[in-house]
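Coordinate inspection notes
As a plain string of letters, each chain reads:
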Amino acid sequence: LAVSAERMKIEPASPRVGDTVTVTAEVMNAGGMATETALLTVTISDGNGPLNVQTIEVPPLSIGEGTILSVKWPVTAFGEYEAKIEISYDSDQVAENNAALRVFRTTAPADLTITDPVIAGELVSGSGRDGNPAPTITAILRNVGGLEARNVIVGCYDGDPAAGGT
């Protein structure tokens, strides 16, 4: 039995926290005789060790036959992960092709930050109302996260809005 990183998929390719990752592997009988039932173990790890280990049965396969198997794992944190697949089959003829590994990373959310704020004009009570000139506020809004941000509404407040600022 044989597996390879080339015949292994991680979907979605750039998962976010809250997504469910599907690890799919094609197991091929590359040997010279039909196989009996084997086991495929899928291990998801981070830099601190295994986070999830699932073992599923590989059905008997004829010579040259393959099967596609998959497991699901919910992403709960940002980071880099390894998905390793390993076949356990006592009658295997070539142990070197019984394991494969793929690395994937979770995508960070959008992270908006304001830089270089400049206020031109005087901020006084009532600015922009009752004939008082409104100041001009200029700032750069940057997305330093990993996802696109759309339809962003930026509000300006005189004081803390949670404490009654306007």
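Summarised in this report is the structure supplied together with it. (Residues numbered from 1 in each chain as written. Predicted model: local features only at pLDDT ≥ 70, side-chain atom pairs only at ≥ 80, totals over all residues. Heavy atoms only, no water.)

Below, the discussion takes up the nonpolar core. Residues V23, V27, L40, I85 and F104 are the most contacted members of the largest nonpolar core, which totals 25 residues. Counting only elements with at least two residues in this core, the list comes to β1 (8-11), β2 (20-28), β3 (38-46), β5 (66-74), β6 (80-88) and β7 (99-105). Leaving out residues up to four positions away in the same chain, V23 has contacts with M8, K9, I10, V42, I44, L69, S70, V71, A83 and I85. (Core = buried A, V, L, I, M, F, W, Y, C linked by side-chain atoms within 4.5 Å. Buried < 20%, exposed > 50% of the residue type's maximum accessible area, 1.4 Å probe, protein only. Helix = DSSP H or I, 4+ residues; strand = E, 2+ residues; numbered from the N terminus. Contact = heavy atoms within 4.5 Å.)

Further remarks concern the environment of V71. Note that V71 resides in strand β5. For V71, a relative accessible area of 6% corresponds to the buried category. With 13 residues separating them in the primary sequence, V71 and K84 have C-alpha atoms 12 Å apart. Look past the residues within four positions of V71 in its chain and what remains in contact with it is V21, T22, V23, V42, Q54 and I56.

Right, let's get into a nonpolar patch on the surface. On the surface, L112, I114, L141, V152 and V154 cluster together to form a nonpolar patch covering roughly 410 Å² of accessible area. Mapped onto the elements, V152 comes out in the segment after β9 (136-143). The class of V152 is partly exposed, set by a relative accessible area of 39%. (Patch = residues over 30% accessible without salt bridge, like charges linked within 9 Å, V, L, I, M, F, W, Y side chains within 5 Å. Areas by Shrake-Rupley, 256 points an atom, 1.4 Å probe, with all protein chains shown as cover. Salt bridge = Lys/Arg side-chain N within 4 Å of Asp/Glu carboxyl O.)

All told, the structure shown has three salt bridges when counted by the stated rule. Measuring nitrogen to oxygen at the nearest pair gives 2.7 Å for the salt bridge that ties R7 to E26. Placement of the pair is R7 in the segment before β1 and E26 in strand β2, with a sequence separation of 19 residues. With relative accessibility at 22%, the residue E26 sits in the partly exposed group. The shortest N-O distance in the salt bridge between E86 and K84 comes to 3.8 Å.

Glancing now at the sheet that holds β7. Within the open sheet, the four strands sit side by side as β4-β3-β6-β7. Their pairing is antiparallel. Only two strands of the sheet have a single neighbouring strand rather than two, namely β4 (49-58) and β7. Between one strand axis and the next, the sheet turns by 15° as a mean value, whatever way the strands run. Here β3 pairs with β6 via seven bridges, running antiparallel. Residue V42 lies in a different strand from β6, and its bridge partner there is I85. (Pairing = 2+ DSSP bridges. Axes fitted to C-alpha atoms, helices over the stretch in contact; angles between N-to-C directions.)

Coordinates in, geometry out; function isn't part of it.
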